[in-house]
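# Residue-level structural notes
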Amino acid sequence: MFDHFRRKFFGLLSVLMLCMALPSLAGAWVTVKGDGDRWMKFGAGLRASYQTSSDSSVDGRGGDIALEDMRLYTLTQVHKNIVFEFNTEVRSKADNDPSDYTDNSFHDMYVLDARATLTVQGFDIWFGKFLPPSERSNLDGPYFLNVWDFPLATSPYPAIAAGRDQGVMIYKEYDGGKFKWAYGAFEGRKNATNGDTNPDENDNFQHGFRATYNFWAPEPGYYTTSAYYGAKDVLAVAFVYRHENDGAGTGTTATTQGDFTGWNIDVLMEKKLSNGGVLNLEGSYYDIDTDDIDDGTITQGNAYRMLASYMLPNKVGWGNFQPYVRYQHSSQDQCAGANCGSSDFGTRGIMEGGLNYIIDGHNAKIMSSFTSDTQSSNAQPVDTFTLGMQFQLL
């Protein structure tokens with residue numbers, strides 16, 4: 001198996017070296033100015049990857065080489081206190097089944113975000129389809145992570161697609177983002193977010209809350225990033241809470257319906273050192289409760305993850321190398337009898353290491369990872385190598 005990965009790695013090393021010769025891409029919106037306070041901004045993003053695994057049955061991206069996604073962004077200000085966002089995404093799908101995106105044989109385009117924001121007396125009021133208050137990795141989105149793949153427990157909450165939901169939210173920040181909070185009410189569990197019978201027959205709202213405090217430099221804005229690549233020193237701690245009555249289960253009976261409650265804490269520390277290198281430490285803890293009811297998409301239990309990276313101070317070619325390590329662990333609460341079902345998996349641990357090549361922050365980077373995924377204490381680990389490339393204009 002080692003020879004298999006060695007051949008794959010050195011075969012792809014030439015691709016990485018070639019990409020080191022790419023010119024640096026300046027990251028900026030394309031802006032069209034209107035009259036008065038009106039303007040419209042355009043952006044785009046592309047992520048593609050190569051993956052190989054020791055388990056031939058594992059084919060999470062539908063093939064060795066895949067278009068992970070491509071996004072088109074727009075942001076429009078129609079009044080000094082009113083903006084709206086409209087983003088689309090091209091994603092892979094296996095066939096004409098709109099719920100099946102496990103293969104790259106077909107692609108389709110769908111609405112990723114469609115929201116408007118009104119600023120009233122210093123409060124931002126959001127409504128439409130967007131990311132609810134959740135953990136940092138989910139608010140990063142795939143393009144602003146510090147590694148290629150989302151964490152195992154990213155956004156363990158019901159969502160329409162890509163962590164999004166429809167709802168209304170109030171957002172407020174103080175001292176330029178030193179302290180900020182957001183609260184919203186969202187559609188939550190419904191047929192579109194649950195393949196089984198919708199347990200929330202009363203159409204209850206799912207409530208979401210996030211509060212963040214920055215001890216060092218502030219982080220303005222609702223959306224987040226997990227890496228600044230030395231642009232600022234950050235020490236941020238956040239708390240997230242989500243709840244929905246009857247938001248868990250596979251039916252509407254006493255044994256198939258329960259309340260959903262989830263919370264997490266996430267921490268990010270990034271420091272530019274005296275030698276010009278950048279140290280980044282990130283961690284989070286999650287706790288999910290489904291009232292001891294089995295759910296086809298939500299697992300009751302807890303999880304945690306830890307990540308450390310170091311961006312080397314000296315450029316090589318057009319960018320800087322950044323080695324990293326990450327460990328993730330998830331464990332399911334004990335259940336019994338009829339309340340155990342398809343989501344019963346016990347424990348899972350993922351050890352990961354990689355080397356990234358940062359050309360222009362999140363706008364141009366090449367990322368590699370090797371993961372060893374153990375799905376239970378006695379299971380044979382699944383080893384996977386991934387090489388991903390990301391480019392965006394934003």
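Residues numbered from 1 in each chain as written. Predicted model: local features only at pLDDT ≥ 70, side-chain atom pairs only at ≥ 80, totals over all residues. Heavy atoms only, no water.

### Brief notes about the nonpolar core
Counting residues in hydrophobic clusters, the biggest one holds nine residues: Trp126, Phe130, Leu131, Leu139, Met169, Tyr171, Ala182, Phe186 and Tyr222. Mapped onto this core, the elements with two or more residues apiece are strand S6 (123-130), strand S7 (165-174) and strand S8 (179-186). Phe321, Tyr357, Ile359 and Ile366 belong to the second-largest nonpolar core, a separate cluster that totals seven residues. (Core = buried A, V, L, I, M, F, W, Y, C linked by side-chain atoms within 4.5 Å. Buried < 20%, exposed > 50% of the residue type's maximum accessible area, 1.4 Å probe, protein only. Helix = DSSP H or I, 4+ residues; strand = E, 2+ residues; numbered from the N terminus.)

### A look at the packing of aromatic side chains
If you walk through the whole model with that rule in mind, you get 13 aromatic pairs. Considering the side-chain rings of Phe321 and Tyr357, the 4.9 Å spacing of their centres and the 45° angle between planes classify their relative orientation as tilted. Linking Phe321 in strand S14 (residues 320-332) with Tyr357 in strand S15 (residues 347-360), this pair joins segments that are 36 residues apart in sequence. Of the two residues, Phe321 and Tyr357, neither departs from the other in class, the shared state being buried. In this structure an aromatic cluster arises from ring pairing among Trp126, Phe130, Tyr171, Phe186, Tyr222 and Tyr223. One Lys or Arg, Lys41, reaches over the ring of Trp39 and ends 4.7 Å from the middle of that ring. The positively charged end of Arg115 is found above the aromatic ring belonging to Trp126, 3.9 Å away from the centroid. (Phe/Tyr/Trp six-rings, centres within 6.5 Å; stacked < 30°, edge-to-face > 60°. Lys NZ or Arg CZ within 6 Å of the ring centre and 35° of its normal.)

### As for the environment of Leu355
Considering the arrangement of structural elements, one finds Leu355 in strand S15. Leu355 gets classed as partly exposed once you look at its relative accessible area, which sits at 34%. When the C-alpha positions of Leu355 and Ser309 are compared, they lie 9.3 Å apart, and in sequence the two are 46 residues distant. Setting aside its immediate chain neighbours within four residues, Leu355 contacts Phe321, Gln322, Pro323, Tyr324, Ile366, Met367 and Ser368. (Contact = heavy atoms within 4.5 Å.)

### Digging into unusual backbone geometry
Even without a glycine there, the phi angle at Asp175 is positive, about 50°. Inspection of the secondary structure assignment puts Asp175 in the loop between S7 and S8. Backbone geometry places Asp291, a non-glycine residue, at a positive phi of 60°. Within the fold, Asp291 resides in the loop between strand S12 (278-289) and strand S13 (301-311).

### A closer look at a negative patch on the surface
A cluster of like negative charges, contributed by Asp289, Asp291, Asp292 and Asp333, occupies part of the molecular surface. With respect to the helices, strands and loops of the structure, Asp292 is situated in the loop between S12 and S13. Accessibility expressed as a relative area gives 44% for Asp292, which makes it partly exposed. (Patch = residues over 30% accessible without salt bridge, like charges linked within 9 Å, V, L, I, M, F, W, Y side chains within 5 Å. Areas by Shrake-Rupley, 256 points an atom, 1.4 Å probe, with all protein chains shown as cover. Salt bridge = Lys/Arg side-chain N within 4 Å of Asp/Glu carboxyl O. Lys, Arg positive; Asp, Glu negative; His and termini not counted. Charge placed at Lys NZ, Arg CZ, Asp CG, Glu CD.)

### A few points about a nonpolar patch on the surface
Judged by side-chain polarity, Tyr174, Phe179, Tyr213, Phe215, Trp216, Val237, Phe239, Tyr241, Ile265 and Val267 come together as a nonpolar surface patch covering roughly 840 Å² of accessible area. At the level of elements, strand S10 (234-249) and strand S11 (257-272) are the ones that each hand at least two residues to the nonpolar patch. Tallying contributions element by element places S10 first for the nonpolar patch, with three residues. Residue placement: Tyr241 occurs in strand S10. Its relative accessible area of 35% is what places Tyr241 among the partly exposed residues.

### Things to note about the pairing of S13
Only one face of S13 is buried: it carries Gly301, Ala303, Arg305, Leu307, Ser309 and Met311, and the other face, with Asn302, Tyr304, Met306, Ala308 and Tyr310, is open. Relative to S13, S12 runs antiparallel, the two sharing eleven bridges. Counterpart to Ser284 in the pairing with S13 is Arg305. With nine bridges joining them, S13 and S14 adopt antiparallel strand pairing. For Tyr304, the partnering residue across the bridge sits in S14 and is His329. (Pairing = 2+ DSSP bridges.)

### Structural notes on the pattern of salt bridges
Should the charged atoms of two oppositely charged side chains come close, the side chains can pair. As enumerated under the stated definition, the model contains 13 salt bridges in all. In this structure, Glu89 engages Arg71 in a salt bridge whose closest nitrogen and oxygen atoms are separated by 2.6 Å. You can see Glu89 sitting in strand S4 (residues 82-93) and its partner Arg71 sitting in strand S3 (residues 65-79), a full 18 residues away along the chain. If you follow the salt bridges from partner to partner, you end up with Glu135, Glu282 and Arg305 in one network.

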